[in-house]
Amino acid sequence: MQGTLLLLPLMFVTAFPAAAAPLTFERDVRPILKAHCFQCHGEEGEMKGGLDVRLAHFLVKGGKHGPAIVAGDAAKSHLLELVKEGEMPKGKAKLPDKDIATLETWIAEGAKTSRPEPEKLGPEHAFTDEERAWWSLQPISNPKTPVKKGTEGIDSFIAAKLGEKGLSFSPEADPVTFIRRASLDLTGLPPSPEEVDAFVAAYIKHPESSIQNLIDRLLASPHYGEMWGRHWLDAAGYADSEGYGEKDLERKWAWKYRDYVIDALNKDKPFDQFVREQLAGDEMISKPFDKESPDAIEKLAATGFLRMSPNGTGEKNDAVTQNANIADTVKMIGTSLYGLTIGCAQCHDHRYDPISQADYYHLRAVFEPGFDTKVWRSPAGRLVSLLTDAEAKEAAKIEAEAKKIDEARLKKTEEFITEVLEKELLKAPESERDALRTAYRAEVKKRTADQTKLLKAWPRINQLSAGSLYLYDTTYKTKHAAELKTMSEDAAKVRATKPKEEFLHAFVELPKTPETVPATYVFNRGQHDQPKEKVGPSDLSVLAGQRKVELPEKDPKLATTGRRLALANALTDGRHPLVARVMVNRVWMHHFGKGIVATPGDFGQLGSQPTHPQLLDWLASEFVRTGWSLKHLHRLIMTSRTYRQASTRDATRDRLDPDNLYLSRMNVRRLEAETLRDSLLAISGKLNPKIGGEPVPVMFNEEGQVVIGIDTTDTAGRPSGKVVPLNGDEFRRSIYVQARRSRPLEMFATFDAPIMEPSCDARAVTTVSPQSLLLMNSATMRVHAQQFAQRVQSEGGKELSDQIRLAWKLMNGKAPSETDVQQSIEFVQAQTEFYKANPTPVEAELGAPSKTPADPGFLGLTALCHALMSSNALLYVD
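Residues numbered from 1 in each chain as written. Predicted model: local features only at pLDDT ≥ 70, side-chain atom pairs only at ≥ 80, totals over all residues. Heavy atoms only, no water.

A. Spotlight on the overall build of the protein chain. The helix and strand tally for the protein chain stands at 37 helices and eight strands. Each of the three principal axes of the protein chain carries a C-alpha extent, and together these read 140 × 80 × 55 Å. Scored against the burial criterion, the 878 residues of the protein chain give a buried share of 51%. A fraction of 70% describes how many contacts in the protein chain between residues 6 or more apart in sequence connect residues 24 or more apart. (Helix = DSSP H or I, 4+ residues; strand = E, 2+ residues; numbered from the N terminus. Buried < 20%, exposed > 50% of the residue type's maximum accessible area, 1.4 Å probe, protein only. Contact = heavy atoms within 4.5 Å.)

B. Local environment of the side chain of R564. Residue position: R564 is located in helix α23 (residues 563–571). Among the residues examined, R564 registers a relative accessible area of 0% and is labelled buried. Ignoring sequence-local partners within four residues, the contact set of R564 consists of L279, A280, D282, E283, L306, V366, F367, F507 and E509.

C. Geometry of the nonpolar core. If you look at the biggest cluster of nonpolar residues, it comprises 120 residues, and the most contacted ones within it are W232, Y257, F271, F305, Y338 and W588. Sorting elements by how many residues they give to this core places helix α24 (residues 579–592) first, with eight residues. With residues up to four places along the chain from it excluded, the contact list for W588 reads I154, I158, G593, K594, G595, I596, L615, L619, I637 and L663. Membership of the second largest hydrophobic core comes to 42 residues, among which are V706, F751, M811 and M869. (Core = buried A, V, L, I, M, F, W, Y, C linked by side-chain atoms within 4.5 Å.)

D. Structural context of the packing of helix α17 (residues 389–425) against helix α22 (residues 480–495). Between α17 and α22, whose axes approach to 8 Å, the crossing angle comes to 170°. In terms of orientation, α17 and α22 fall into the roughly antiparallel class. Of the residues contributing to the contact of α17 with α22, the split by class is 10 nonpolar, three polar and 10 charged. (Axes fitted to C-alpha atoms, helices over the stretch in contact; angles between N-to-C directions. Parallel < 35°, antiparallel > 145°, perpendicular 65-115°, else oblique. Nonpolar A, V, L, I, M, F, W, Y, C, P; charged D, E, K, R; others polar.)

E. Expanded view of the environment of E702. Take E702: it is sitting in the loop between β6 (698–700) and β7 (706–708). C-alpha of E702 to C-alpha of R718: the two residues are 16 residues apart in sequence and 8.7 Å apart in space. If near-sequence neighbours (up to four positions away) are discounted, E702 is found in contact with P719 and G721.

F. Representation of the packing of aromatic side chains in the model. Under the criterion given, the structure shown has 24 aromatic pairs. Note on F371 and W376: the rings are 6.1 Å apart at their centroids and 10° apart in plane angle, and the pair reads as stacked. W376 shares its class with F371; the two are buried. An aromatic cluster is defined as three or more aromatic residues linked by ring pairs; in this entry it consists of W232, Y257, Y260, F271, F274, F305, F623 and W628. (Phe/Tyr/Trp six-rings, centres within 6.5 Å; stacked < 30°, edge-to-face > 60°.)

G. Region of interest: the packing of helix α13 (residues 271–280) against α23. Packing of α13 against α23 leaves a shortest axis separation of 9 Å and a crossing angle of 160°. The orientation of α13 with respect to α23, classified from their angle, is roughly antiparallel. The crossing of α13 and α23 is right-handed. Where α13 abuts α23, its residues R276, L279 and A280 lie against R564, L565, A568, N569 and L571. In the contact of α13 with α23, the residues fall into five nonpolar, one polar and two charged. (Left-handed = near helix turned anticlockwise from the far one by under 90°.)

H. Spotlight on the side chain of D678. By the element assignment, D678 lies in helix α29 (residues 673–683). Side-chain polar atoms of D678 contact the side chain of R733, separated by 3.1 Å. Among residues more than four places away in sequence, those in contact with D678 are G188, L189, R733 and S734. (Polar contact = N/O pair within 3.5 Å; in protein donor to acceptor, adjacent residues only side chain to side chain.)

I. Looking closely at the state of the cysteines. Enumeration according to the criterion identifies zero disulfides in this entry. Just so you know, C347 is unpaired, no disulfide at all, and the nearest cysteine sulfur is the one on C344, 9.6 Å from it. (Disulfide = S-S within 2.5 Å.)

J. Seen up close, the pattern of salt bridges. One pass over the full model with this rule turns up 71 salt bridges. Across the pair R27 and D28 runs a salt bridge, and its minimum N-O distance is 2.9 Å. The salt bridge partner of E414 is R441, with a shortest N-O separation of 2.9 Å. In this pair, E414 is assigned in helix α17 and R441 in helix α18 (residues 430–441), connecting sequence segments 27 residues apart. Of the residues examined, E414 reaches a relative accessible area of 36% and is grouped as partly exposed. Relative accessible area serves as the criterion here: at 40%, R441 is assigned to the partly exposed category. (Salt bridge = Lys/Arg side-chain N within 4 Å of Asp/Glu carboxyl O.)

K. Expanded view of helix α2 (residues 25–36). Here α2 lies mainly inside the structure; nine of its 12 residues are buried. Considered for burial, the residues of α2 that qualify are F25, E26, D28, V29, R30, I32, L33, K34 and A35. Residues of α2 that are buried in the fold lie against α3 (56–61), α5 (97–108) and α6 (129–132).

L. Molecular detail of the confidence of the model for the protein chain. When the pLDDT values of the protein chain are averaged, the result is 93; 97% of them are 70 or greater. A low-confidence stretch, residues 1–17 (pLDDT under 50), is modelled with zero contacts involving residues beyond four sequence positions or located in other chains. Long-range and interchain partners of residues 843–849, a stretch whose pLDDT sits below 50, account for 13 contacts in this model, where long-range means more than four residues apart. (pLDDT = per-residue confidence, 0-100.)

M. Structural detail: unusual backbone geometry. A cis amide bond links K287 to the next residue, P288, at an omega of -10°. Here P288 is to be found in the loop between α13 and α14 (294–302). We note that R525 has phi near 55°; this positive angle belongs to a residue other than glycine. Tracing the backbone shows R525 in the loop between β3 (520–523) and β4 (531–535). For W628, which is not a glycine, the phi torsion comes out positive at approximately 55°. Positionally, W628 belongs in the loop between α25 (613–625) and α26 (630–638). We classify W628 as buried; its relative accessible area is 6%.

N. Representation of helix α19 (residues 449–457) in the model. Among all positions of α19, only Q451, L454 and L455 are buried. Along α19, the residues classed as buried sweep out an arc of 95° about the axis, all on the same side. Every exposed residue of α19 that faces more than 90 degrees away from the buried side is listed here: A449, K453, K456 and A457. (Arc of directions from axis to C-beta.)

O. Broad picture of the environment of R27. Considering the arrangement of structural elements, one finds R27 in helix α2. When its relative accessible area of 42% is taken as the criterion, R27 is described as partly exposed. Spatially, the C-alpha atom of R27 lies 8.7 Å from that of T128, the residues being 101 residues apart in sequence. Apart from the residues within four sequence positions on either side, R27 is in contact with A21, P22 and E130. There is a polar contact of 3.1 Å between the side chain of R27 and the backbone oxygen of P22.

P. Structural detail: the environment of A159. Position of A159 among the secondary structure elements: in helix α7 (residues 154–164). Residue A159 is classed as buried on the basis of its relative accessible area, which comes to 12%. For the pair A159 and F169, spaced 10 residues apart in sequence, the C-alpha to C-alpha distance is 7.3 Å.

Here you go:
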């Protein structure tokens, strides 16, 4: 009996879980009040109703209307009454029910705090211990891999979590699926049938080495930099136009930054160096910079990163527009490098994360000397010429020769005008000739009313000018206009021999002395015309407990302030808690469709928490340990069992992990807009592999759609109908298509390519009817299908069945079943009969000027190719 009684306490402990810990102000209530109430009750001295809600004892004390809460008695707490009735927060949406319930429970439990509160708040109390303890702000750990039989590295962490959830890895993907997945992931292009066959043969003999060799080959491809450059350009907000204003002015030289990114990734430039060059490349080279130094040019091109945000000062250069450009840049830096929404602290302390308004302006102070609103430079004024001194001298010499021709032409023009004038004067009464001559020669703005009236009476004299000489050539059988045109062409030919002047779309800080460094002020409510206290440069103050955050005002060793270089060095010292985590999470996201943290630009309270926090830190530590090599990170991920899984779903996995958060299978992912277009070009055999250079232009066609082409609209903006050949550039990869913010290519806009305002952390993936309509009905898709059909006819042999087999294999790497082949043959034959009965002009299908009907058999095959190009088998990657 006694033994039974002794067991009772243990039985109760087992049967009934321990009561939940009481709610506390710091952990549970303060975040609610900070998000909704601080702005009016405590922040920046604002005390509506005399109430400060930033501490629990302030709430007990209350304001003009008495205590806001009564600890232990929710029913008598005036604050809770107002919140329940929706009267507070005033003028805003009612608090969510769960937040109201939290407030009520906290009050009822005695309005407890985690620790004794200070009597009043000072700067040292800006953040609570709970806020400082947020996971992403802690030093990166180097966790040991869990011990799981048959796994190592990444797989150990994934397997451990799967085991907790009652799940296990899926079987490996078949080799055809794997090579298509790997090729599209690393290069953004599908593998050729020959590449598929070679890999499958190698995989059968040596699976592990064949996978490693495949990954090495793809990483060595120049197309790798194009694919992963596109990912980074999203984070940086790359655009070939300024945005902001209605004109959306072109950025003629932004492509230099795009090419820098592609080249850096192809070379596997260490990511820490990649970051430093983009933040402070101009502070890493000597002044003035050596225009013949590839290294100096590369580092300056890198700073285009800080010139990517919308900039309307080319249209309207005022304080509002200037500060909007700076704000967008700080916002982009926050999401791309910190993985935090730092921009949300521009007008007030961040409502959710431990980022004060002062922190925002401390970070702005790092970049202030480069922007310098006191001596603002327009977008054109910030361009950096790459013309060397020797080239400048050569250009001046050539210009002098051209000017000699110009001077001769001007002299000849005056001779011709005088000749024609005298001939025209002979038509006037002799009594008026002198007056007409004097009136014509007088400056227009100095002509008397009588002279103006006289000239109007003689329009052929009045309109005589260098530009109108051709009108008189027929009358006097002369060749004045032709001779002058020849002289103009001669001058142009001479000028064409000048060294071509190119520019960098760069961010360059002008030399500064301590006295000329522009000051940075906290703006009241973010208003630039309401400056408050002056602040200096620093990293986020919440990190001060673990590392130095203050940055030097002026580096005495540099001509510039050196602030950006100091920040860049701090961010990439290997001990910063955010940068490495943020980047490895981005890489993981692009391989699996979702990051370990699902919100790559927000590692804060409103973002998602990591599904595998230890894995994230292990990857970040490995990334830094191996020299910040992105290609090493790719190899680590892609050789893992986690990545090599099949994507097949089953009822058990869908029940236990419906969103596949724990990766018991591979995610099926839709191709991004650019990869879709590039895949269409690749399988049709039209892809132009040219790397780098000026962007492929876009224009509005007569239907108002944005298409690839040189804009030939007239001065009134009306389509001229003229077509200027692009000589194959229309088939270049999508990363080289001009990224005009106001003119997204039709396919890009339809398939969720972002408009950079100012940047993109993770693309939306929508499924909407316009996507299907574009794939089925657009003229662009018909052209792709026709080109695809031409290729399979050319390369697939004479038999229709062989052509069909090649079409299927080009489309997604897999050979069709015999059933697929037979159904495809029947489809082509039915379509061929349709076109025999309904002759279709070549013009309608192929865009050619001929009215001759196309071959029905070819159009039937084109219809199949169109169906394959529009299929999910191409649109998605397993």
